Amino acid sequence: MTHVFGRSGASLPKAVRGEGCYIHDARGRAYLDGSGGAAVSCLGHSDPDVRAAIHAQLDQLAFAHTGFFTSDPAEDLADLLAANAPEGIERVYLLSGGSEAVEAAIKLARQYFLEIGQPGRHRVIARRQSYHGNTLGALAAGGNAWRREKYAPLLVETSHIAPCYEYRFREDGETAEAYGQRAANELQAEIDRLGADSVMAFIAEPVVGATAGAVPAVDGYFRRIREICDANGILLILDEVMCGMGRTGTLFASEHDGVAPDIVTIAKGLGAGYMPIGAMLCTGTVYDAIAQGSGAFQHGHTYHGHPLAAAAGRAVLTAILGRDLLPQVRARGEMLQQALTSRLGQHPHVGDIRGRGLFRGVELVEDRATKATFDPARKINARVKSAAMENGLICYPAGGTVDGKHGDHVLLAPPYIISEDQIDELVDKLARAIDTAI
Ligand code: PLP
């Protein structure tokens, strides 16, 4: 028996080695990593530059507390991120993962409004199909009913509006543009209901990941969201923990939507699985209000700005930018979409295939015509996941809710280095897993 408390356990294969796009287990089986775990391993599992950077930093200095020291890797990484961030984003706060980054974003928003003399602003508005992390603040922001249920009494009250989810919610005869405006205007309606002077932030994933399976917004949605935030004096927090760091073909996913956030969170692809690291970035305006006000953001974690993790992040970002991986993500992403469409586009249980870059979702339905979801008791997601593992494929079941009802999606987020042959292998193994599972 194992004493590990968590998702790993005796029933799971034991991972012993990573090479390129594959993880090998103790029995010698190879698994194609079709989802980067959960959109983490963007450079594959044996990147020589990232490994060398970690070794070199380890030989010099693993840790120095940020209460006493700064460090080259942390400063370089922050400079590199700020230089490539959306317009107005100037400051970078390094953390250990996505939930920490979201917690910091929410606290920063609150402190910003205290500093500028608007203490009544404390409410966050989020969206129903969203996941922002598992710590209590981030969980409260997230809209996934299943993840929230047990902890409901511990969660601060948060409003959840509908996401922009064209496949499910665009009405017959409605143009994509009109739908985007209608969905975004829900934010204004909620602000009006709560009273603008009590709302501090709207948080959203530019491309929804774990709860809906790679759902980008329609064109114009986020521009309207930005307008509404500005008109009401509300901060826009974009959670790019999953969809950022090149995953969708631009370094920040929001670049595609043509909006710049006030605060943005990143994690997964930043460390690419080589180190646990996340970051919260903010505009000079938000930063200055605090720097010129009370003087310091009242926050911090022991491992904030960890030099070894920052060295890994610096190497990952240098690889993404220096090896010109973003055009490759866009091209391979199109190939993946085409391969999925030609193999699964007419499948009786595939309702939608969507996404951006190497971030793709396959929505599984009981009935294509009515878009009816499966009975949750059938555990389709779990069955697809284990059938895929049997076939030697790692894919991520994105089991969300479709407005209160169950929904089944498979999330694909392979390494940016995936080859054309490996895309075919991925799609072939996924198609077989879906047929076995349903
Ligand atoms: N935000 C988003 C959009 C995520 O997808 C996740 C994790 O899946 C998180 C936050 C939480 O990140 P972590 O698991 O690193 O705490």
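All values derive from a computational prediction rather than experimental measurement.

Asker: Teacher, can you tell me more about helix 13 (residues 307-322) here?
Answerer: An α-helical turn contains 3.6 residues, so a residue and the one three or four places further along point in the same direction. Here helix 13 is 16 residues long and its end C-alpha atoms lie 21 Å apart, about the 22 Å a rise of 1.5 Å per residue gives. Among the 16 residues in helix 13, 13 count as buried, and that is most of the element.

Asker: Hey, could you run me through the site of the ligand in this one?
Answerer: In the neighbourhood of the ligand, 15 residues make up the surrounding shell, with Gly97, Gly98, Ser99, Gly133 and Val241 lying closest. Examining the composition of the shell around the ligand, we find that three residues originate from one element, helix 4 (residues 98-115), more than from any other. By residue class, the composition of the shell around the ligand is seven nonpolar, six polar and two charged.

Asker: Any chance you could explain the sheet that holds strand 15 (residues 393-394) here in plain terms?
Answerer: Sheets are built from strands paired through backbone hydrogen bonds, the pairs being either parallel or antiparallel. The four strands lie next to each other as 1-2-3-15, forming an open sheet whose pairing is mixed. A strand with exactly one partner marks an edge of an open sheet, and here the two such strands are strand 1 (15-19) and strand 15.

Asker: Even after reading the chapter, I still don't get the domain arrangement of the protein chain, so can you show me in this structure?
Answerer: One frequently used descriptor of interface size is the decrease in accessible area upon assembly of the parts. If you check the domain split of the protein chain, you get domain 1 (15-47 + 325-437) and domain 2 (51-322). Averaged C-alpha coordinates put domain 1 and domain 2 at centres separated by 25 Å. In this assembly, 35 residues from domain 1 lie in contact with 33 residues from domain 2. Every element with two or more residues in the side of domain 1 that touches domain 2 is listed here: helix 1 (36-39), helix 14 (325-344), strand 13 (350-356), strand 14 (359-364), strand 17 (401-402) and strand 19 (408-412).

Asker: Sorry if this is basic, but what is going on with the packing of helix 15 (residues 380-390) against helix 16 (residues 420-437) here?
Answerer: For any two helices packed against each other, one specifies the inter-axial angle together with the distance between the axes. One can describe the packing of helix 15 onto helix 16 by two numbers: an axis separation of 8 Å at closest approach and a directional angle of 130 degrees. One way to sum up the angle between helix 15 and helix 16 is to call them oblique. Between helix 15 and helix 16 lies a crossing of right-handed hand. Where helix 15 abuts helix 16, its residues Ile380, Arg383, Val384, Ala387 and Ala388 lie against Lys429, Leu430, Ala433, Ile434, Thr436 and Ala437.

Asker: Hey, could you run me through the packing of helix 2 (residues 48-60) against helix 13 in this one?
Answerer: Running from amino to carboxyl end, helix 2 crosses helix 13 at an angle of 150 degrees, the nearest separation of the two axes being 9 Å. One element, helix 2, and the other, helix 13, form an angle in the roughly antiparallel class. The way helix 2 lies across helix 13 gives a crossing that is right-handed. When helix 2 is examined against helix 13, the residues Asp49, Val50, Ala53, Ile54, Gln57 and Leu58 are found in contact with a partner set consisting of Pro307, Leu308, Ala311, Ala312, Arg314, Ala315, Val316 and Ala319. In terms of residue class, the contact of helix 2 with helix 13 is built from eleven nonpolar, one polar and two charged.

Reading the values: rules and limits
- Position numbers for residues start from 1 in each chain and track the written sequence from start to end.
- Since the coordinates come from a predicted model, pLDDT governs what is reported: local features require at least 70, and pairs of side-chain atoms require 80 or more to be given and counted, while whole-chain, interface and lining totals use all residues.
- Secondary structure elements follow DSSP: runs of H or I of four or more residues count as helices, runs of E of two or more count as strands, with numbering from the N terminus.
- What a helix should span is 1.5 Å times the count of its residues minus one.
- The burial criterion counts other C-beta atoms lying within 10 Å of a residue's C-beta, which is placed from the backbone; the residue is buried at 20 or more, exposed at 12 or fewer, and partly exposed between these limits.
- Here is the check we use: build the C-beta atom from the backbone, and if it is within 6 Å of the molecule or strand, call the residue near.
- Residues are sorted three ways: Asp, Glu, Lys and Arg are charged, Ala, Val, Leu, Ile, Met, Phe, Trp, Tyr, Cys and Pro are nonpolar, and all the rest, Gly among them, are polar.
- Should DSSP find at least two bridges between two strands, the strands are regarded as paired.
- Segment limits for the domains were obtained from an automatic or database-derived domain assignment.
- Whether two residues are in contact is decided by their C-beta atoms, placed from the backbone, lying within 7 Å.
- With axes taken as lines fitted to C-alpha atoms, and helix axes fitted only over the stretch in contact, angles between N-to-C directions fall between 0 and 180 degrees.
- Oblique is the label for any angle not under 35 degrees, not over 145, and not in the 65 to 115 range, which are roughly parallel, roughly antiparallel and roughly perpendicular in turn.
- Handedness of a crossing follows from how the near helix is turned relative to the far one, being left-handed for an anticlockwise turn of less than a right angle and right-handed for a clockwise one.

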